[in-house]
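Single-letter residue listing:
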Amino acid sequence: MTLTELYTHYKNPLNAKQKQLVAEAFEFAKNAHAGQKRKTGEDYFEHSVQTAAILAEIGMRSRTTAAALLHDVPEDTEFTLEDIRKKFGGEIAELVDGITKLGKFKLRGDKKEVQLENLRKIFLAMAEDIRVVLIKLADRLHNMRTLHALPPEKKERIARETMEIYAPIANRLGIGEIKGELEDLAFKYLEPENYDLAKGLLDKEFKERKKDLEIAIRELKEELKKSNIKVIDIHGRAKQIYRFFLKLKKHEMNVNRVYDVVAVRIVVPEIPDCYEALGIVHKKYRPLVGRIKDYISLPKPNGYRSIHTTVFGPKGKFLEIQIRTSRMHDEAEFGIAAHWIYSGPKTWRDYFLRRYTPEEIPEQELAWVKQLREWQKDLGTDNLEFVQGLKIDFFQNHIFAFTPKGDIINLPEDATPIDFAYAVHTEIGNRTIGAKVDGKLVSLDSKIKNGQVVEILTSKDPKNPNQDWLRLVKTSNAKSKIRQQLRRAGISIGAI
Ligand code: MN
């Protein structure tokens, strides 16, 4: 991809200064990677540009895409992070450094610990600068698009990592566009037969329903026009392959029971228009009882907003209709990245009406990222709010507890204060004599809950763990350290 082609990928055009930054990063990275090839046979640099293009498409601006162009330079070329810092300054160097660090964590085999470690690192990086995570997701997406060139074991590992770590994170950040493609690509490598089956059924269904879709779009357009509702866009969409497969499985593989294989999406200017449009849709096509979902009043945990309704469409066939504003649409496709578009001094309305110049769209931090950092600062005082604010819903089956200083300790569900103590430090574990959770004394067999602040009370003098602890602890880490210390102290371990 040439530089000129890259420019066309930006959701909104760059100004001269921004273009210059991108051009400099482009040249620097191209030169640094000169002569390097990827397994696909392409120039290595092509991977860097494609990563930048993915980010440009979801609304990211010059600095993030410049960092994307440079993201593999320190790791894979003779140029260092210092070279980047000298040429591009601290902000871009920090982004590149963050990506390099994130790249060091790989999911191996099915060691859950390693996976959790990965999640934790990504999570922390997220708190540091969300843009690092976005660049990492784009990097992964391009690697998935070119996965066919890798040997089978690598394919499997990378696809699994994508399905278990990257897609959930993209989902958590609300970037439906990237999440969907990551899932479909990973699905293809992890379950090739199911993938082919689902894709075949989906293609067939979409072909059959195409006519209905076209009729519905035409009829709804007319009705909305009669009622003077401005329609920004109305289009059909097919379900993602992997999501379709999951629904199929839920309904005993019966395609007729999946109501949203195809859907009509109506994009209108403002929230009141959404409800008015809903009324018009229902006047034209009778709604199916119990299938109206108002995610505008009650957004999904990842922030997704839209109204969904299933109706008896043309020829009386089920059809899902999704209604949203253009801002909601961008947020659903680009998630957190959309906030860069909307977080400027201008309102989303100005954005929609194109009443801005590109300079007016700052590439700034999201309000909630700032808030996250502030929450972290006074963690000790109000950790509950911190965790609720985060809604760590994809970290199921494991919990995050906090030290009084605000360090995050990652534990499995039902872990005890002893597990916590050994996770902090072996010596703290060995010297444990009590624990406080959220400021209150608790017994050592109590279970820690997500988001709690745990303070371990320790003896001043060296001490041995109690061998009964072996029955209480949940983590193998704590178990092995307790055994070690008991053995070292010459205490025989009973029948445990
Ligand atoms: Mn890369």
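Rules of the game
- Residues numbered from 1 in each chain as written.
- Predicted model: local features only at pLDDT ≥ 70, side-chain atom pairs only at ≥ 80, totals over all residues.
- Heavy atoms only, no water.
- Helix = DSSP H or I, 4+ residues; strand = E, 2+ residues; numbered from the N terminus.
- Contact = heavy atoms within 4.5 Å.
- Pairing = 2+ DSSP bridges.
- Donors = N, O, S within 2.8 Å, 3.2 Å for Na, K, Ca; no water.
- Buried < 20%, exposed > 50% of the residue type's maximum accessible area, 1.4 Å probe, protein only.
- Core = buried A, V, L, I, M, F, W, Y, C linked by side-chain atoms within 4.5 Å.
- Domains from an automatic or database assignment.
- Phe/Tyr/Trp six-rings, centres within 6.5 Å; stacked < 30°, edge-to-face > 60°.
- Lys NZ or Arg CZ within 6 Å of the ring centre and 35° of its normal.
- Axes fitted to C-alpha atoms, helices over the stretch in contact; angles between N-to-C directions.

**Q** Could you give an account of the overall build of the chain, with specific residues and numbers?
**A** Along the chain, the regular secondary structure elements total 23 helices and 10 strands. A fraction of 65% describes how many contacts in the chain between residues 6 or more apart in sequence connect residues 24 or more apart.

**Q** Would you mind going over the pairing of strand β8 (residues 432-437) in detail, with residue names and values included?
**A** Regular strands have side chains that alternate between both faces of the sheet. Bridge count between β8 and strand β10 (residues 454-458): five bridges; the pairing is antiparallel. Across the sheet, residue A435 finds its bridge partner in β10, namely I456. In terms of strand pairing, β8 meets strand β9 (residues 440-442) through three bridges, oriented antiparallel. Bridge pairing links K436 to L441 in β9.

**Q** Can you lay out the coordination of the manganese ion for me, pointing to particular residues and giving the numbers?
**A** Four donors placed tetrahedrally around a metal ideally meet at 109.5 degrees, and six donors placed octahedrally ideally meet at 90 or 180 degrees. On the protein side, the manganese ion has H47 (NE2), H71 (NE2), D72 (OD) and D139 (OD) as donor atoms, found 2.1 to 2.3 Å from it. Each donor residue of the manganese ion lies on one chain, and together they are spaced H-x23-H-D-x66-D. Pair noted here: H47 is in helix α3 (residues 44-57) and D139 is in helix α9 (residues 130-145), with a separation of 92 residues, a long-range link. For the residue pair H47 and D139, the accessibility class agrees, reading buried in each case.

**Q** For the nonpolar core, give the residues involved together with the corresponding values.
**A** Grouped together as the largest cluster of nonpolar side chains are 101 residues, with contacts concentrated most on L70, V264 and I266. Sort the elements by how many residues they give to this core and α9 lands first, with nine residues. Counting only domains with at least three residues in this core, you end up with domain 1 (3-189) and domain 2 (192-335). With residues up to four places along the chain from it excluded, the contact list for I266 reads L220, L224, V231, D233, I234, V281, I321, Q322, I323 and R324. Counting residues in hydrophobic clusters, the runner-up holds 21 residues, among them A435, V437, V454 and V473.

**Q** Got a sec to walk through unusual backbone geometry? Specific residues and values, please.
**A** For residues besides glycine, phi is generally negative; the peptide bonds are generally trans as well. For N228, which is not glycine, the phi dihedral falls at a positive 60 degrees. For N228, the location among the structural elements is in the loop between α12 (192-226) and β1 (233-238). Look at N228 and you get exposed, because its relative accessible area is 72%. Of note, E252 is a non-glycine position whose phi angle comes to about 50 degrees, a positive value. Taking relative accessible area as the criterion, E252 reaches 62% and is therefore assigned exposed.

**Q** I'd like to hear about the packing of aromatic side chains, residue by residue, with values.
**A** Scanning all chains against the criterion turns up eight aromatic pairs. Arranged with centres 5.8 Å apart and planes meeting at 65 degrees, the rings of F187 and Y195 form a pair that is edge-to-face. Comparing F187 with Y195 shows no difference in burial state: the two are buried. Taken together, F187, Y195, Y242 and F245 form an aromatic cluster joined through their ring pairs. Across from the ring centre of Y7, 5.0 Å away, lies the NZ or CZ of K19, which sits over that ring. One Lys or Arg, R286, reaches over the ring of F312 and ends 4.5 Å from the middle of that ring.

**Q** Hey, could you go over the sheet that holds β10 for me, with residue numbers and the actual values?
**A** The strand order β9-β8-β10 describes an open sheet built from three strands, whose pairing is antiparallel. Strands at the two margins of the open sheet, each flanked by one partner only, are β9 and β10. The mean angle between the axes of side-by-side strands here comes to 35 degrees, regardless of whether they run parallel or antiparallel. Across the sheet, helix α20 (residues 417-424) lies against β8, β9 and β10, angled at about 80 degrees from β10, the strand it touches most.

On their own, these measurements won't tell you what the molecule is for.
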